[in-house]
Amino acid sequence: MTQTGTRFPAMLANLNTLLSRYGESMMWLARYMERIENLARILEVTEAFVRNPDGSPGWDSILQINSDEERYAALYALPATEDNILAFYITENTNPTSIRAMAHMVRENARSARPLISTEMWMQLNIFTQSMMELSTPDIRRNGLSGLCNRIKQDCQTHFGVTEGTLYRDQAWLFYLLGKYLERSDQITRLIDIRYHTLLPGGETFGSQLDLTQWGSVLRSAAAYHAFRRLQPVTTTPANVVGFLLKNEGFPRSLMLNLRQVESTLNALSTHYNLRHQCGPLQERIINLRATLEDQTAEDIISRGLHEYMTYIQDELSALQAEVSVTFWPAAPVITRQKALSPE
């Protein structure tokens, strides 16, 4: 873990030292906050809308999205049950993808980058992470899953608002944005891949009430339902849902928009901080990745193999994160994560 020392004023004059000590913490702070909000939304939506063929909530799909099947099986019996999934993803200390564990890592990254983040950010994160680390099973039962998830989502959105309004616009801000947009890109591909193939084999007639509810759950999992309905008030098909989540440039969590934001952030680092040499290979990778998305329609992607394309995108994002790490902080990473989810 990067430690905050007393040499901060001198370090500000040294860009490379600043990036190696603080850039990684800012990036992972953003990524973990995105993961916490995303997980809270998926838990809530799964309880309310996602159903297995027998009508029970599709808790196992969350394990697939997060590539957590082996870790879960080591702690709990299969098939996944509601009580065990909630314990695993909310309060389980030994699961690094639980809300409690991720809140701890948010706090540690914020502590490492304390000289750079605003007082308002620090205070809000302290209150939020402490409350998440103190969550217990009685808290879930007392508040209900929906109530707890709504509170977590609200707190995460408060963090993003406080950060937007108070964090100084320098390279630390850019690394925060880079983490945020990389995480959103990764999460949307995982959601589409698993949810699409979970629904695809279903025996329900297309256009039935259950079918529409299930596809609506995909949109709700990405906080996209109302935005999608503004553009598609009547017609819901697998292709236009996938197309909206992958290619719509007006939706904040779409893959296309976030790839553009990654490119823009790298351009800003290259232009304003004299990092053209370092950013060049990263920019080339993201430009090529974005081109593969622009050159295909949603129907093309589905017909050629949605799973294969989502896997390709995830591999490219992992490679990009690895290149960022090697380029800007070649020492041991601040945070380690399981291979399936970590770009390390």
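Residues numbered from 1 in each chain as written. Predicted model: local features only at pLDDT ≥ 70, side-chain atom pairs only at ≥ 80, totals over all residues. Heavy atoms only, no water.

**Things to note about helix α15 (residues 276-294)**
Because an α-helix completes one turn every 3.6 residues, residues spaced three or four positions apart along the sequence face the same direction.
Now for step 1: In this model, α15 (19 residues) spans 25 Å end to end at C-alpha, consistent with the 27 Å of a helix rising 1.5 Å per residue.
Now for step 2: Buried within α15 we find Cys279, Leu282, Gln283, Ile286, Leu289, Arg290 and Leu293.
Now for step 3: Buried residues in α15 make contact with α13 (238-247), α14 (255-272) and α16 (298-328). (Helix = DSSP H or I, 4+ residues; strand = E, 2+ residues; numbered from the N terminus. Expected span 1.5 Å × (residues − 1). Buried < 20%, exposed > 50% of the residue type's maximum accessible area, 1.4 Å probe, protein only. Contact = heavy atoms within 4.5 Å.)

**Remarks on the pattern of salt bridges**
Now for step 1: According to the stated counting rule, one finds 18 salt bridges in the structure shown.
Now for step 2: In this structure, Arg41 engages Glu37 in a salt bridge whose closest nitrogen and oxygen atoms are separated by 2.8 Å. Of this pair, Arg41 and Glu37 both sit in helix α2 (residues 15-48), separated by four residues, roughly a single helical turn.
Now for step 3: Residue classification places Arg41 among the buried positions, given a relative accessible area of 5%.
Now for step 4: Note that Arg285 and Glu316 form a salt bridge whose closest N and O atoms lie 2.8 Å from each other. Pair noted here: Arg285 is in helix α15 and Glu316 is in helix α16, with a separation of 31 residues, a long-range link. (Salt bridge = Lys/Arg side-chain N within 4 Å of Asp/Glu carboxyl O.)

**Details of the packing of α15 against α16**
Now for step 1: Contact geometry for α15 and α16: axes closest at 11 Å, N-to-C directions at 170°. As the angle between them shows, α15 and α16 are arranged roughly antiparallel. Where α15 abuts α16, its residues Gln278, Cys279, Pro281, Leu282, Arg285, Ile286, Leu289, Thr292 and Leu293 lie against Ile301, Tyr309, Tyr312, Ile313, Glu316, Leu317, Ala319, Leu320, Glu323, Val324, Thr327 and Phe328. (Axes fitted to C-alpha atoms, helices over the stretch in contact; angles between N-to-C directions. Parallel < 35°, antiparallel > 145°, perpendicular 65-115°, else oblique.)

**Observations regarding helix α6 (residues 99-112)**
Now for step 1: Spanning 14 residues, α6 covers 20 Å between terminal C-alpha atoms, matching the ideal 20 Å at 1.5 Å per step.
Now for step 2: Most of α6 is tucked away: 12 of the 14 residues are buried.
Now for step 3: Every buried residue of α6 is listed here: Ile99, Arg100, Ala101, Met102, Ala103, Met105, Val106, Arg107, Glu108, Asn109, Ala110 and Ser112.

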